[in-house]
There are 2 protein chains.
Amino acid sequence: MAFDPASLTYDARGLVPAIAQDHATGEVLMMAWMNAEAVARTLETGRVTYWSRSRQSFWVKGETSGHIQRLVELRIDCDRDCLLLLIEQVGPACHTHRRSCFYTAVREGAEQVFLDPMG
Amino acid sequence: MAFDPASLTYDARGLVPAIAQDHATGEVLMMAWMNAEAVARTLETGRVTYWSRSRQSFWVKGETSGHIQRLVELRIDCDRDCLLLLIEQVGPACHTHRRSCFYTAVREGAEQVFLDPMG
């Protein structure tokens, strides 16, 4: 079946959450949002493109920082309301210069930062 | 710093997306939603508890199916508006009896189901 981005289930804002996972290591790097056009652009260009809710504009990941995400495979969940992006990440995914945005763990009831910014 | 579920950034519905990842294999199994009380219950009990948007009630994953999720570690992203749950998954995570909800890939422009239901 040919894939049509319009066939996904978007929320009231027209967005779907997209989880970015390192295709080689399995590390979950970040979660951001896409609208149908961002999904289409990501598939067309192979460069992961989100929709920035704060800026209300397309966000070609790494366009300014160089920390691009190359799409390896796009996956859809059973409810068609969440995407999993298998990607190649150049450098850090997080704006704090950490590899992953999920660098804080809750351990024994306390928050612990376990990942350092990349050099 | 002691972790307080109220310190997370919830959306207008009071929810935060939670990504469940197999702690051993790295496989991303599903994405669902939590409110502050679901986060607290998950940490207290070690059993992953979501908030069901359709049923508007707490959803102790696996309570009826037996396909429970035991929390290994809860992680918070940089914006504090998304959670990553490292878990032990008993059986399939998906209601289709597949290990993961992300069983459909877009390959060469077409949808392809690449994962079978578990036996």
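Counting restarts for each chain: residues are numbered from 1 in the order of the written sequence. Key to labels: chains lettered from A, ligands numbered from 1, both in the order written. Per-residue local features are limited, in this predicted model, to residues with pLDDT of at least 70; the limit for side-chain atom pairs, both in listing and counting, is 80 or more; totals at the level of whole chains, interfaces and linings are taken over all residues. Each side-chain value is derived from all of the structure's non-hydrogen atoms; neither hydrogens nor water enter the calculation.

K.L.:
Lay out the sheet that holds strand E5 (residues 69-76) of chain B with the relevant residues and their values.
P.N.:
The 6 strands lie next to each other as E8(A)-E7(A)-E5(B)-E6(B)-E1(B)-E2(B), forming an open sheet whose pairing is mixed. Each edge of the sheet is formed by a strand with only one pairing partner; in this case those strands are strand E8 (110-113) of chain A together with strand E2 (28-34) of chain B. Ignoring which end each strand starts from, the neighbouring axes of this sheet average 35 degrees apart. Pairing between strands is defined by DSSP: at least two bridges between the two strands are required. Secondary structure elements are taken from DSSP: a helix is a run of H or I of four residues or more, a strand is a run of E of two residues or more, and numbering for both begins at the N terminus. Only C-alpha atoms enter the line fits that serve as axes; for helices the fit covers just the stretch in contact. Angles between N-to-C directions range over 0 to 180 degrees.

K.L.:
An account of the pairing of strand E3 (residues 49-52) of chain B is requested, with residue identities and associated values reported.
P.N.:
Every other side chain in a regular strand lies on the same face of the sheet, so the side chains alternate between the two faces. All names here are of chain B. Exposure is judged per residue with a 1.4 Å probe applied to protein chains only, and the accessible area is read against the type maximum: over 50% gives exposed, under 20% gives buried, and values in between give partly exposed. Burial of E3 is two-sided: the residues Thr49 and Trp51 facing one way and the residues Tyr50 and Ser52 facing the other way are all buried. With 4 bridges joining them, E3 and strand E4 (residues 57-60) adopt antiparallel strand pairing. Across the sheet, the residue bridging to Tyr50 is Trp59, located in E4.

K.L.:
Lay out the layout of surface pockets in plain terms, naming residues and giving numbers.
P.N.:
Approximately 780 Å³ is the volume found for the largest pocket. Cavities and pockets are found on a 1 Å grid laid over the protein atoms alone: a cavity is a set of points where a 1.4 Å probe fits but cannot escape, a pocket is an open set with protein on both sides within 12 Å along at least five of seven lines, and a lining residue has an atom within 4 Å of such a point. Around the largest pocket, the lining comprises 35 residues; the ones closest to its centre are Met31, Ala32, Arg53 and Trp59 of chain A together with Asp79 of chain B. Looking at the lining of the largest pocket, the element that brings in the most residues is strand E2 (residues 28-34) of chain A, giving 4 residues. Its residues assigned to classes, the lining of the largest pocket shows 17 nonpolar, 9 polar and 9 charged. The space that makes up the second largest pocket amounts to roughly 660 Å³. Grid points are joined across faces, edges and corners, and a volume is the space filled by probe spheres set on the points. Charged residues are taken to be Asp, Glu, Lys and Arg, nonpolar residues to be Ala, Val, Leu, Ile, Met, Phe, Trp, Tyr, Cys and Pro, and polar residues to be all remaining types, Gly included.

K.L.:
Now, about the relation of the copies chain B and chain A: what can you tell me, with residues and values included?
P.N.:
The transform that puts chain B on chain A rotates by 180 degrees and translates by 0.0 Å along the axis, for an RMSD of 0.0 Å. Taken together, the rotation angle and the small translation identify this as a two-fold axis. If distances are taken from each C-alpha of chain B to the rotation axis, the shortest is found for Gly26 of chain B, at 2.6 Å. Mapped onto chain A, 100% of the interface residues of chain B again fall at the interface, so both copies present the same surface. Superposing copies: least-squares fit, C-alpha atoms only, residues required to have pLDDT of at least 70 in both. The criterion used for residue contact is that any of the two residues' heavy atoms lie within 4.5 Å.

K.L.:
Outline the interface of chain B and chain A, listing residues and values.
P.N.:
If you look at the interface, chain B gives 38 residues, while chain A gives 38 residues. Once two parts are joined, some of their accessible surface, as seen by a 1.4 Å probe, is lost; buried area is that loss totalled over both. At the boundary of chain B with chain A, total buried surface from both sides reaches about 3000 Å², with 62% on carbon and sulfur atoms. By salt bridge we mean one thing: a side-chain nitrogen of Lys or Arg within 4 Å of a carboxyl oxygen of Asp or Glu. Remark: the boundary between chain B and chain A carries 6 salt bridges. Mapped by element, the contributors of at least two residues to the side of chain B that touches chain A are strand E1 (16-22), E2, E5, strand E6 (83-89), strand E7 (104-107) and strand E8 (110-113) of chain B. For the side of chain B that touches chain A, the class distribution of residues is 23 nonpolar, 6 polar and 9 charged. Where strand E5 (residues 69-76) of chain A meets E7 of chain B, 3 bridges bridge the pair, whose relative direction is antiparallel. Each residue of the ladder has a partner; that of Arg75 of chain A, found in E7 of chain B, is Ala105 of chain B.

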